[in-house]
Structure formats: C-alpha cells, structure tokens
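# Structural characterization, general
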Amino acid sequence: MDEKRYPIPAGLHRVEQDIQKSRFITTAAHTPTVEEAKGFIARVREEFADATHNCWAFVVGPPGSTAQVGMSDDGEPHGTAGRPMLTALLHGGVGDVAMVVTRYFGGTLLGKGGLVRAYTAGVQQALESLPTTERVRKTRLAVEVEYTHVDGLRRLLPSYEVQVLAEEYSATVGYRLELPVTQVEPLRTALNDLTLGQVLVEPLDSGD
C-alpha cells in the first residue's frame, strides 16, 4: 500500500452492542498524531466516566503500521481488551485511527475468551460501518514558465490534482502550486515535455 495515500476515518463514529447483558459502546475517530489519539481517548473516558471500563487502542500511520501504536485493558484482565483491539485495528485496512470500547458490566462474567471476542467484535463492528476518506500527503512547488506555455500548463494541472495557490506575472509567469506528493515527478516530467525543458520547478514548504 502507498504510505502517502491511505484510508482514514472521515469523522467520529460510534456503534453499540449488548453481549451477555454487558453494554459495549465503540467510539472511533481520526487521530493523525499520538497526541490527538490520547486527547480523543481522554474525551471518551470523560464522556463515559461512570462506565466499568474504557479500553482503547490506536494506530498512527498507514494501515498495519506498528511504529506508533498504543493500547490499554483499563482494568480488564491482562491481554483481553487492548491487545485484541489493536490486532483488529492493525488488520482493519484503515490508518490514523483510535478506538475506545466502553463497557458497562451487566452482571455476567464473560471469561477471558469471551472478553477477547467481545472487544475484537466491537472494533470489527465499528470498522465495518466506518465512513472513510483518503489521506493524501501534499507538497508545494514554485513553477516558472514563459507566457507561451501558460495555456498548456493550465490544461495539464487537473490531471495531476494540482491546486493553484498563487500566480505572479512579470517577465515570466510564476505559480505556487499544491499537489499530492505522488504527483510531483509526473508533473515535473509533463512540464519538461510541454516546455522542452524551459521550466523552473522548485520545492516549497510541505503541506499536510
């Protein structure tokens, strides 16, 4: 999978299920940094402060990446909540995601196997109905061309998902462009072909 483009949660998402009289509420969110994941978890814990457990897991980065992950059993028996939640997240095909499974104990013990199944099911249920969008890492370029190439350049830009941030007209025409990182080299090649190499392309500061 291209690490620069991958599915992420489109927004806050929540599902609920009852298992053996216990109520399980799974809340999911887009969390592109560890700090945002921790902040989201804290908000859910505050919202459900009266719950028996607020177990959680998060993955920051592309789907399946283990570079920045976290998990907690929040008082459930060791290994019965956070770990299975994280495993389900890592296999869920979505990146930059955190989930909290809130449990209100209903009086029936589920046993370790039952807990693992319940917390795994909460994450899987949320993933199945999770609205997603695409994370696209972008960058910015300064491009300078002769006036004779302006029309050709403008026709090229939509094919490379380019947003024009600014234009400047002087002896030549200068552009500030924003586009997906994956499109930089294809655009550079297309501009060189269009202008027979008479184009200046320089990187600017990166966007998201």
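Residues numbered from 1 in each chain as written. Predicted model: local features only at pLDDT ≥ 70, side-chain atom pairs only at ≥ 80, totals over all residues. Heavy atoms only, no water.

### Thoughts on the domain arrangement of the protein chain
Using the following cut-off: Here the limits of each domain have been adopted from an automatic or database domain assignment.
Domain boundaries assigned for the protein chain yield domain 1 (5–134) and domain 2 (137–204). The straight-line distance from the C-alpha centre of domain 1 to that of domain 2 is 43 Å.

### Looking at the UniProt feature "domain: UPF0029" (unreviewed entry) in the protein chain
We count it as follows: UniProt positions are given in the numbering used here, feature names are shortened, and annotations may be inferred rather than shown by experiment. Every helix listed is a DSSP run of H or I at least four residues long, and every strand listed is a run of E at least two residues long, numbered separately from the N terminus.
Look at the UniProt record and you will see "domain: UPF0029" (unreviewed entry) annotated at residues 143–198. Between the C-alpha atoms that bound residues 143–198 there is a distance of 11 Å. The span itself is 34% helix and 32% strand.

### What about the pattern of salt bridges?
Spelled out, the test is: One side-chain nitrogen of Lys or Arg within 4 Å of one carboxyl oxygen of Asp or Glu is enough to make a salt bridge. Three exposure classes are used, based on accessible area relative to the maximum for each residue type with a 1.4 Å probe and protein chains only: buried under 20%, partly exposed in between, and exposed over 50%.
This structure, assessed with the given rule, holds 10 salt bridges. Of the charged contacts in the structure, one is a salt bridge between E161 and R5, with a shortest N-O distance of 3.2 Å. Placement of the pair is E161 in the loop between α4 (150–156) and β9 (163–169) and R5 in strand β1 (residues 5–9), with a sequence separation of 156 residues. A salt bridge links E178 to R140; the shortest N-O distance between them is 3.0 Å. Of this pair, E178 sits in strand β10 (residues 173–180) while R140 is found in strand β8 (residues 138–145), placing the two residues 38 residues apart along the sequence. You can call E178 buried: its relative accessible area is 13%.

### Some thoughts on the nonpolar core
This is how the line gets drawn: Here, the term nonpolar core denotes a set of buried Ala, Val, Leu, Ile, Met, Phe, Trp, Tyr and Cys residues that are joined through side-chain atoms within 4.5 Å. Residues are treated as being in contact if the distance between any of their heavy atoms lies within 4.5 Å.
Counting residues in each nonpolar core, the largest one holds 24 residues, and the members touching the most others are M85, L89, M99, Y119 and V123. At the level of elements, β3 (22–30), β4 (53–60), α2 (82–90), β6 (97–104) and α3 (111–128) are the ones that each hand at least two residues to this core. A per-element tally of this core places α3 first, with 6 residues. Ignoring sequence-local partners within four residues, the contact set of M85 consists of C55, W56, A57, M99, V100, V101, Y119 and V123. Grouped together as the second largest cluster of nonpolar side chains are 19 residues, V145, L156, Y160 and V173 included.

### A look at the environment of E146
Within the element layout of this structure, E146 appears in the loop between β8 and α4. C-alpha of E146 to C-alpha of R176: the two residues are 30 residues apart in sequence and 15 Å apart in space. Excluding anything up to four places from it in sequence, E146 contacts A171 and T172.

### Describing α3
Helical periodicity: at 3.6 residues per turn, an α-helix aligns residues three or four positions apart in one direction. Note the threshold: Working rule for helices: expected span equals 1.5 Å times residues minus one.
Over its 18 residues, α3 extends 25 Å from the first C-alpha to the last, a length consistent with the 26 Å expected when each residue adds 1.5 Å. Listed as buried for α3 are G114, L115, A118, Y119, T120, G122, V123, A126 and L127.

### What to know about the sheet that holds β10
Under the convention used in this document: A pair of strands counts as paired when DSSP detects no fewer than two bridges linking them. To get an axis, a line is fitted to the C-alpha atoms, and for a helix only the part in contact is used. The angle between two axes follows their N-to-C directions and goes from 0 to 180 degrees.
The strand order across the open sheet formed by 4 strands is β9-β10-β8-β11, and the pairing between neighbours is antiparallel. Bordering the open sheet on either side are β9 and β11 (200–203), each of which pairs with just one other strand. On average, each strand axis in the sheet is inclined to that of its neighbour by 20 degrees, with strand direction left out of account. Looking at chain direction, β8 and β11 are connected through 4 bridges and run antiparallel. Bridged to A142 within β11 is E202.

### A closer look at a negative patch on the surface
Spelled out, the test is: A patch consists of residues exposed above 30% relative accessible area that lack any salt bridge, with like charges linked at up to 9 Å and nonpolar side chains (Val, Leu, Ile, Met, Phe, Trp, Tyr) linked at up to 5 Å. Only the protein chains shown count as cover for residues, with accessible areas throughout obtained via the Shrake-Rupley method and a probe of 1.4 Å. Just so you know, the count uses Lys and Arg for positive and Asp and Glu for negative, and it drops His and the chain ends. Taken as the charge location is NZ of Lys, CZ of Arg, CG of Asp or CD of Glu.
Side chains of E144, E146, E168 and E202 sit close together on the surface and give a patch of like negative charge. The residue E168 is located in strand β9 in this model.

### Describing the environment of H30
Inspection of the secondary structure puts H30 in strand β3. H30 has contacts with I8, P9 and D96, leaving out every residue within four places of it along the chain.

### Observations concerning the UniProt feature "domain: Impact N-terminal" (unreviewed entry) in the protein chain
Here, the residues flagged by UniProt with the feature "domain: Impact N-terminal" (unreviewed entry) are residues 20–127. For residues 20–127, the helix share is 37%, the strand share is 28%, and the end-to-end C-alpha distance is 22 Å.

### Quick notes on the side chain of D96
Put simply, the test is: Any N or O atom pair separated by 3.5 Å or less is treated as a polar contact, with the protein-specific requirement of one donor-capable and one acceptor-capable atom, and with residues adjacent in sequence counted only for side-chain atom pairs.
Here D96 is to be found in the loop between α2 and β6. One polar contact links the side chain of D96 to the main-chain amide nitrogen of G61, over a distance of 2.7 Å. Contacts of D96, omitting those with residues within four sequence positions, involve Y6, I8, P9, A29, H30, T31, P32, V59, V60, G61 and R135.

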